[in-house]
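Results of the structural survey
Spelled out, the chains give:
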Amino acid sequence: MLYQSSRNDKIKVTSAAAILDGLAEDGGLFCPDQPIGGLTNWKALLDLDPYDMMAAILALLLPSFSADEIKPIVKASYAGKFPSGDMTPTVSVGEDEILELFHGPTCAFKDIALSVLPGLLTAACKKCGVREKMTIVAATSGDTGKAALEGFRNVPGTGIIVFYPSDGVSPIQQRQMITQEGDNVCVCAVEGNFDDIQARVKQILEITEKNERARKSGIRLSSANSINIGRLIPQIFYYFQAYRSLVKKNRICLKEPVDFVVPTGNFGDILAGFLAKEIGLPVGRLICASNSNNVLTGFFQTGTYDCRRPFFKTVSPSMDILISSNLERLLFLLSRDPGLVSGMMHALKEKGSYTVPGELKQTLDEVFYGGFCQDDQTQKMIAGVWQRYGYLMDTHTGVAYEVAQQYKTMHPDHSKVVILSTASPFKYPSVVLESLGYGPAENEFDAMKKLSLKTGIPIPESFEDLDSRPIRHRDQIKPDGMAGYVLERAKQKAWR
Ligand SMILES: *Cc1c(COP(=O)(O)O)cnc(C)c1O
């Protein structure tokens, strides 16, 4: 199996090359060039222990690597970083199940893919004969940056530069990044908003890709955002893992369908659920939960994607997004028509909207459902679930929980519902504290302590001494300075 551009049948590369390139040269996203159903016996995957299950899924969809090559990479990526036993526990809350994806080093679900991406990228360099040092450049609105820094820190042959908007990330997220340790890491604030920074990073990647001189001086850049298949494929794992734990707990019978509710931004997490379904896992519906930036809800209801609308800053900031990149992959996988996809993406760029053909809309309706809620509903839900069940959710999980209840009311014949929990409540402590009805805290660190005191839930270890850790990164630049900053850094042999 090869990976092809979602916009052109003729652009095809191996899975290793797709990981190195990130994006196809025509701007399309790499997708499997053939249907992935029937590639394996999905039930046999459920018998494997977590590391072997992850390795089997990676080897299946990244055929440049054999299972034996992947196994040591998986072990080195997760051992000691995630709880041993179940990396992603499923917890029963009332009649629903919550799949906790936040037990990694930075307390957000992105840890799962970003822990293994460095190993996959290094292995892909070897396969493709790339000898230069890889410099990873990332733009972040908060969670990606820290998880990428942790993933790449001290990985031989790599360096990582993270740019974040100087006043666009939460105080906790900023502190997590500027105290980052490691000899190959670099964190820089930029006076601009996330969209500016993301656009510049894409430009920088494109320019050096084409620039022979940069290549000759040994500069090789790559990206760590969710358009890279190396970030998407590892996320399939936890859908299988959740299913296995429900079978083990006798909550479902083997082969019984399960509905998954996913708090969605760039559509990467939920797309991994779709790939799990394609492989054969009995996934019923995939429920796409949004906040008031509800462009996806509109899309699943009407078949028209329209991003000409106001942008809201909400209490679930990782879902504040109007262009969900990975949706393009779903459109390709369902239609297998690169001409159609290319036309729709062109319309999105030119007009800010597109409409899918009726047949495609029907297929979407069979598998997907879109719902959203406002901040006040999210906060009410956080309080309600805490009071009724003693279970504390973060704001992103709160959105998914609320949408799950809406879905169940409208579909009384629903299957067992699993809600994906994408962050620890201690990552957004002030809002969670306020939702529970407690007075304002002095700052986020104070809120963290109060939240722990009031709920009796311990602060995650990686947050414990966050406010007293030495600050190691103080650079701040204007967007215009980003390209120069990257080139200068990439040329330096040692960063610290
Ligand atoms: C990134 C993120 C999301 C959205 O995930 P996508 O794959 O972009 O849809 C949801 N919740 C949290 C906490 C996140 O960090």
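Residues numbered from 1 in each chain as written. Predicted model: local features only at pLDDT ≥ 70, side-chain atom pairs only at ≥ 80, totals over all residues. Heavy atoms only, no water.

Notes on helix α11 (residues 237-248)
Along its 12 residues, α11 runs 17 Å from first to last C-alpha, staying within 8% of the 16 Å computed at 1.5 Å per residue. For α11, a buried count of 10 out of 12 residues is recorded, marking the element as mostly surrounded by other parts of the structure. For α11, the set of buried residues is Phe237, Tyr238, Tyr239, Phe240, Gln241, Ala242, Tyr243, Arg244, Ser245 and Leu246. The first or second residue beyond α11 is Asn250, which carries a positive phi of 60°. (Helix = DSSP H or I, 4+ residues; strand = E, 2+ residues; numbered from the N terminus. Expected span 1.5 Å × (residues − 1). Buried < 20%, exposed > 50% of the residue type's maximum accessible area, 1.4 Å probe, protein only.)

Things to note about the packing of aromatic side chains
What the rule picks out here adds up to 14 aromatic pairs. Each ring, one from Phe267 and one from Phe300, has its centre 6.2 Å from the other, and the planes form 25°; the classification is stacked. With Phe267 in the loop between β10 (258-263) and α12 (268-279) and Phe300 in helix α13 (residues 295-302), the pair connects residues that are 33 residues apart, well separated along the chain. Note on Phe300 and Phe368: the rings are 5.2 Å apart at their centroids and 10° apart in plane angle, and the pair reads as stacked. Here the residue Phe300 occupies a position in helix α13, and Phe368 occupies one in strand β14 (residues 368-372), the gap between them amounting to 68 residues. In terms of burial, Phe300 and Phe368 fall into one category: buried. (Phe/Tyr/Trp six-rings, centres within 6.5 Å; stacked < 30°, edge-to-face > 60°.)

Some thoughts on the pairing of strand β4 (residues 90-93)
Pairing of β4 with strand β5 (residues 96-100) involves four bridges; the strand directions are antiparallel. Along β5, the bridge assignment pairs Thr90 with Leu99. The antiparallel pairing of β4 with β5 creates a hairpin that spans two residues between the two strands, and Gly94 there sits at a positive phi of about 60°. (Pairing = 2+ DSSP bridges.)

Some thoughts on helix α16 (residues 358-367)
Of all the residues in α16, the buried ones are Leu360, Lys361, Leu364 and Val367. The buried side chains of α16 occupy one side of the element, clustering within an arc of 130° when seen end-on. Set apart from the buried face of α16 by more than 90 degrees, the exposed residues are Gly358, Glu359, Gln362 and Glu366. Where α16 is buried, its residues contact α12, β11 (283-290), α13, α14 (327-335), α15 (338-351) and β14. (Arc of directions from axis to C-beta. Contact = heavy atoms within 4.5 Å.)

As for the site of the ligand
Neighbouring the ligand are 14 residues, the closest being Lys110, Asp143, Gly265, Asn266 and Thr422. A distance of 2.7 Å is found between an oxygen atom of the ligand and a backbone nitrogen or oxygen belonging to Asn266. Measuring from an oxygen atom of the ligand, one finds a backbone N or O atom of Phe267 at 3.0 Å. Coverage of the ligand by the protein amounts to 96% of the 390 Å² it exposes when considered alone. By residue class, the composition of the shell around the ligand is four nonpolar, seven polar and three charged. (Near = heavy atom within 4 Å. Polar contact = N/O pair within 3.5 Å; in protein donor to acceptor, adjacent residues only side chain to side chain. Areas by Shrake-Rupley, 256 points an atom, 1.4 Å probe, with all protein chains shown as cover. Nonpolar A, V, L, I, M, F, W, Y, C, P; charged D, E, K, R; others polar.)

Quick notes on the sheet that holds β5
Reading across the sheet, the six strands line up as β4-β5-β15-β10-β11-β14 and stay open at both edges, with mixed pairing between neighbours. At either end of the open sheet lies a strand with only one pairing partner, and these are β4 and β14. Each adjacent strand pair in this sheet contributes to an overall mean axis angle of 25°, direction not counted. Relative to β14, β11 is paired through five bridges, and the arrangement is parallel. Paired with Leu286 across the strands is Phe368, a residue of β14. Across the sheet, α13 lies against β11 and β14, angled at about 140° from β14, the strand it touches most. (Axes fitted to C-alpha atoms, helices over the stretch in contact; angles between N-to-C directions.)

Considering the sheet that holds strand β7 (residues 158-165)
Reading across from one edge, β9-β6-β7-β8-β16 is the order of the five strands in this open sheet, with parallel pairing throughout. The sheet is open, and its two edges are formed by β9 (220-223) and β16 (476-477), each paired on a single side. Here strand β6 (residues 134-139) pairs with β9 via four bridges, running parallel. Across the sheet, the residue bridging to Val137 is Ser223, located in β9.

Concerning the packing of helix α7 (residues 171-178) against helix α20 (residues 444-455)
It is at 9 Å that the axes of α7 and α20 come closest, and there the two elements cross at 105°. Here α7 is positioned roughly perpendicular relative to α20, judged by the angle of their axes. Residues Pro171, Ile172 and Arg175 of α7 lie in contact with α20, whose contacting residues are Glu444, Phe445 and Met448. Residue composition of the contact of α7 with α20, by class: four nonpolar, no polar and two charged. (Parallel < 35°, antiparallel > 145°, perpendicular 65-115°, else oblique.)

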